[in-house]
Every structure is written in structure tokens, then in C-alpha cells.
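Coordinate inspection notes
Here are the chains, one letter per residue:
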Amino acid sequence: MRYRALAILLLAALAWVARADEQAFTNRATDLKERAAPDSATLASLPDNTSVKVIARGGGWTHVEAAGKSGWVNVFHLRFPATVEGSSSSGSGLASLGSALGFGARTDQARLATTGIRGLSTEDVKNANPDPEALARMQSYRADKPAAQRFAREAKLAEAHVDDPTKAGAK
Amino acid sequence: MKKLLLAGLLALAVPGAQAIDFGSILNKAIDTGRQLQDANHEFTQDEEIALGDGLAAGFLGAAPLRKDAELQRYVNRVGKWLALHSGRADLPWTFGVVDTETVNAFAMPGGTVLITYGLVRRLNSESELAGALAHEIAHVVKKHQLQAIQSDKNSQAWAELGKGLASDAIARRGNDPVGLKNWGANAGVELLKNGVFLRPLDRSMEYEADKLGVVIAARSGYDPYGLVAVLEMLAQTKSDGSGLSVLDTHPAPADRLAELEPFMPAVEREVSHPQQVEARFRKIVGAP
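Everything quoted here is computed from the prediction, not taken from an experiment. (Residues numbered from 1 in each chain as written. Chains lettered and ligands numbered in written order. Predicted model: local features only at pLDDT ≥ 70, side-chain atom pairs only at ≥ 80, totals over all residues.)

Check the secondary structure of chain A and you find five helices and eight strands. Walking chain A from its N terminus toward its C terminus, one meets helices and strands in the order α-β-β-β-β-β-β-β-β-α-α-α-α. Within chain A, buried positions represent 36% of all 171 residues. Taking the intrachain contacts of chain A between residues at least 6 apart in sequence as the baseline, contacts between residues at least 24 apart amount to 49%. (Helix = DSSP H or I, 4+ residues; strand = E, 2+ residues; numbered from the N terminus. Buried ≥ 20, exposed ≤ 12 C-beta atoms within 10 Å, placed from the backbone. Contact = placed C-beta atoms within 7 Å.)

Another aspect to go through is the overall build of chain B. Summing up its helical and strand segments, chain B has 15 helices and four strands in all. Here chain B holds 288 residues, and 61% of them are scored as buried. Sequence separation of 24 or more characterises 76% of the internal contacts of chain B that already satisfy a separation of 6 or more.

Once that is clear, we can look at the sheet that holds strand E3 (residues 112-116) of chain B. All names here are of chain B. With respect to topology, three strands assemble into an open sheet ordered E1-E3-E2, the strand pairing being mixed. Lying at the two open borders of the sheet, with one neighbouring strand each, are strand E1 (94-98) and strand E2 (105-108). Strand after strand, the sheet turns through a mean of 15 degrees between neighbouring axes, direction not considered. Note that E1 and E3 share five bridges and pair parallel. In the sheet register, threonine 94 faces E3, and the bridge partner there is threonine 112. Helix-sheet contacts for helix H4 (residues 69-83) involve E1 and E3, and the interaxial angle to E1 is about 140 degrees. (Pairing = 2+ DSSP bridges. Axes fitted to C-alpha atoms, helices over the stretch in contact; angles between N-to-C directions.)

With that settled, consider the domain arrangement of chain B. For chain B, the domain assignment lists domain 1 (2-55 + 153-195) and domain 2 (64-145 + 199-285). Among the residues making up the side of domain 1 of chain B that touches domain 2 of chain B, the classes are represented as three nonpolar, two polar and one charged. (Domains from an automatic or database assignment. Nonpolar A, V, L, I, M, F, W, Y, C, P; charged D, E, K, R; others polar.)

To continue, consider the interface of chain B and chain A. On the chain A side, the residues contacting the 85 residues of chain B number 74 residues. When residues in the side of chain B that touches chain A are grouped by element, the largest group, eight residues, is from helix H3 (residues 45-62) of chain B. Of the residues assigned to the side of chain B that touches chain A, the class counts are 36 nonpolar, 28 polar and 21 charged.

Another aspect to go through is the nonpolar core. Within soluble globular proteins, side chains that are nonpolar tend to cluster in buried spots. Membership of the largest hydrophobic core comes to 106 residues, with the highest contact counts inside it found for Phe59(B), Leu82(B), Ile115(B), Leu133(B) and Ile137(B). Looking at which domains feed residues into this core, each of domain 1 (2-55 + 153-195) and domain 2 (64-145 + 199-285) of chain B gives three or more. What Phe59(B) contacts, discounting residues up to four positions off in sequence, is Val125(A), Phe106(B), Leu114(B) and Leu192(B). (Core = buried A, V, L, I, M, F, W, Y, C linked by C-beta atoms within 7 Å.)

It is worth spelling out unusual backbone geometry at this point. Residues and elements named next belong to chain A. One non-glycine residue, alanine 67, lies in positive phi territory at about 50 degrees. Relative to the helices and strands, alanine 67 is located in the loop between strand E5 (61-66) and strand E6 (69-74). Residue classification places alanine 67 among the partly exposed positions, given that 15 C-beta atoms sit within 10 Å. A positive phi angle, near 55 degrees, is found at lysine 156, a position not held by glycine. For lysine 156, a count of 10 C-beta atoms within 10 Å corresponds to the exposed category.

What follows is about the confidence of the model for chain B. Residues and elements named next belong to chain B. Mean pLDDT over chain B stands at 82; residues scoring 70 or higher make up 74%. When the criterion is pLDDT under 50, residues 1-20 qualifies, and its contacts beyond four places in sequence or with other chains add up to 25 contacts. Within the model, the stretch residues 167-175 combines pLDDT values under 50 with 17 contacts to residues more than four positions away or in other chains. Scored by ipTM, the complex comes to 0.83, with pTM at 0.81. (pLDDT = per-residue confidence, 0-100.)

When you tally the buried positions in E1(B), you get five out of five residues, the bulk of the element. Where burial is concerned, the two faces of E1(B) agree: the one with Thr94(B), Gly96(B) and Val98(B) and the one with Phe95(B) and Val97(B) are both buried.

Here's what the structure looks like:
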């Protein structure tokens, strides 16, 4: 139990990654907390489907504005409506289904993204000519173990023992 | 008998071996296709790596490697550090960012992981990148793609693969059509062409990769909620209609989040000083 409290404290000490005013909704009745910790004071009780504005994220908590207050909500107690295009194409659900089933071909124009990079279709991959030179180039960027270890030390990445949850007998 | 077939196959794989009797080659290739498709066939690590090389070479023919050496090296360091905590540290782990706006990442047997630039530029920290890469690493560790290509529903594709390899690749263009010097790699190319590799994996495999991915990221010192943040971002993203968006090839993000929720407290208990690493990520990837 002491370890758990410690872990929560340490998680709360994470830097928060700011987000640009994303809209989200509570996916159940939940509490708006004063701090990013389950035992902190409750600022407001938010009913299911309450609209919130996301300010930042980090660890298991999301910093939001809701009910006129700024506070923290459990990261799993929010749902996010699909509002952002995966690319500039206007892919409807039906079109994606058609494409996944191998028909309903999309034009190149539809897959041109705003950045000028084309989206990738199933047909593109099936019809591609293999590029062994690109494979070799990619493999030339491999990192060896010492490089990865140095890289981890630079960011103070501390190894932890965590059991494989998918193996029988795991805790 | 199996050993004999494999030996025949390996003879084909020897670089420089001259293919003379196309009829015999055709039969051997078909036999080998059947053999590899056999669910009881255990892929050796070398076969797994060769298959992955072929798949990756095919994939790179459709989606070029992004011309940014700094980014490619960065992603390889994050990926290798994660892979060292995956239980299969001995594979020749290779990570590549491919230049497409489609949002997804792909794991090849043998330890090659491709992530699209469309996904990378939507991430906000190294821990989110680690979450996405660790999910793919988990697929490799659990050999999900190998299981999928050996499943019954792909038996027809395997029969065709054998014929395709022999009649097209081997007989017409010599026994090493793409310069990969290996039958397994050519099989990988064919698996991409016939669409077997592009089929979505079972939902249970995706949920398993999410959980093991979270564990691999946590073991490596990253905030285990990195993958959760990626899934939340994906929940806000619409498919680009390409058929290869992560939203086309994976269960809905909300379903994946629901599967992860009860699992997270146990992982959280084990970690100390988890890091998000935002500054280094921004320096390499650029501003949002």
C-alpha cells in the first residue's frame, strides 16, 4: 500500500504535456479533483456526458476545465469525439469499409494530404515493387545496445521490473 | 518428410544456385508454401527474420522511408531501448518512419517495425512514441503476425503463394527477384502482394499487444500512460479512408481503452520516476 501511494505521488510529479483546447466528454459520472491524485479534494461532481475542455495530460490524469472550474479527471473517465481528419481526404466510414474489403477505390486526389504526402492504400502496398535498397538504408539506422543505453540515461529513463501480464502465473 | 521439403527449399535459397528444372522448382515451392502454412510449423528465428525483411522491402516500395536521418536514428534508439525490455532482445530490431499521412504502425516478424510519419507528427512526447512502438514490439514478441499468416483462413493464399513464387518470381526472373538472396524474404514479398499481411489481426491479439506494450514501456522507464494518450488521440481522429489507417485495421480506440483501464493500476504500482520526455521529442520531431 505504501508503494502504491509512492507510485501515485511520483506519477503526480510528471511533467504535463499541454494540449490545444481539445473537447471531451465524461463517459460516466466522475469527480473533478483538485490535484492529480485520487485522495485529493473533490471540486465538483460531474454527471455522465459532461462537456470538458482538455488543458493538459500526463500519467493517469487529465487536466480539464469543467463546470467553471479547473481540475483533474481520471484519464479513463473521458471520451473524445472523432473530429480530426486522419488526413485531408474525406473518408467516410462507408468508404473505409469499401476500401478494407478491397473495392471502393479512392482517387489519388482524395488521398492527397495537406502536407503533400499521399495517404497509403491497401492497393498501393499490394502493387508496390519491393525496395531492397530502402530496406538496407533503414537497417543502417539501427541502434546497438550501448547507444540505446546511453540514450536512455540522457533522459533519466529508469528500468523497472514489471511482469508480463499475458504469461500464466504473472501477478 | 518435412525436413526433406525444407532442405529442398533451402537449396533454392542458396545465392547463385542456378534454377534449371522449373517443374521441379514449382513443386518444391508449392510444398514449402504448404509446409510453412502448417500451423504446427515452428518458424526458426532466421526464417522469421527473412520473412520480415521481405515484408519490409515490399512495404518500403509503397511507402518510402522518410528522408530524415536524425529522426530515423532517434526512433531506432527509442525502439531498441524498448526492445531490450521485451523478452526478445536478441532480434535485429529495426525501426523505420515511412513517409505517408496515413496514421498507423506495422510490425513485421523478426523485429522490423514501421511507423508512419502521419502518426509520429500527431504524437506529443517520447512516451507516446514509446507506447506506439511498444505495442508493435509486443506483436513481434507474441508472434501474432506469424500465427495470423498460418491460420486456416489463409490456406488458399499460401497455395497461391507457392505457385506465385515458383512460376513468377523464381522461374521468370531468376531465383532472387528482389535481390534479397533468400526464399523467406521472397515469401514475405508475396504475402504482402496477396494481401495476407494486410488483414487485421484478431481483436484479442490487439488487446494483448496493448497490455504487453504498456508493460514494455513501463519496464523501460516511460510513463505507462503513453499508449493511453495515443489511443485518446486516435479516438479523435477519423480514418482517411485508405483501408490502412489504424482505425481500419484495429479495434475502436474506445474499446482498446476500456480493455486497458482495469489493467493499469497493477502496472502503475511497479514503476518509479516514469518519464514522458517531451523536450527531446520536440527537438527531433518539431512543433505540433
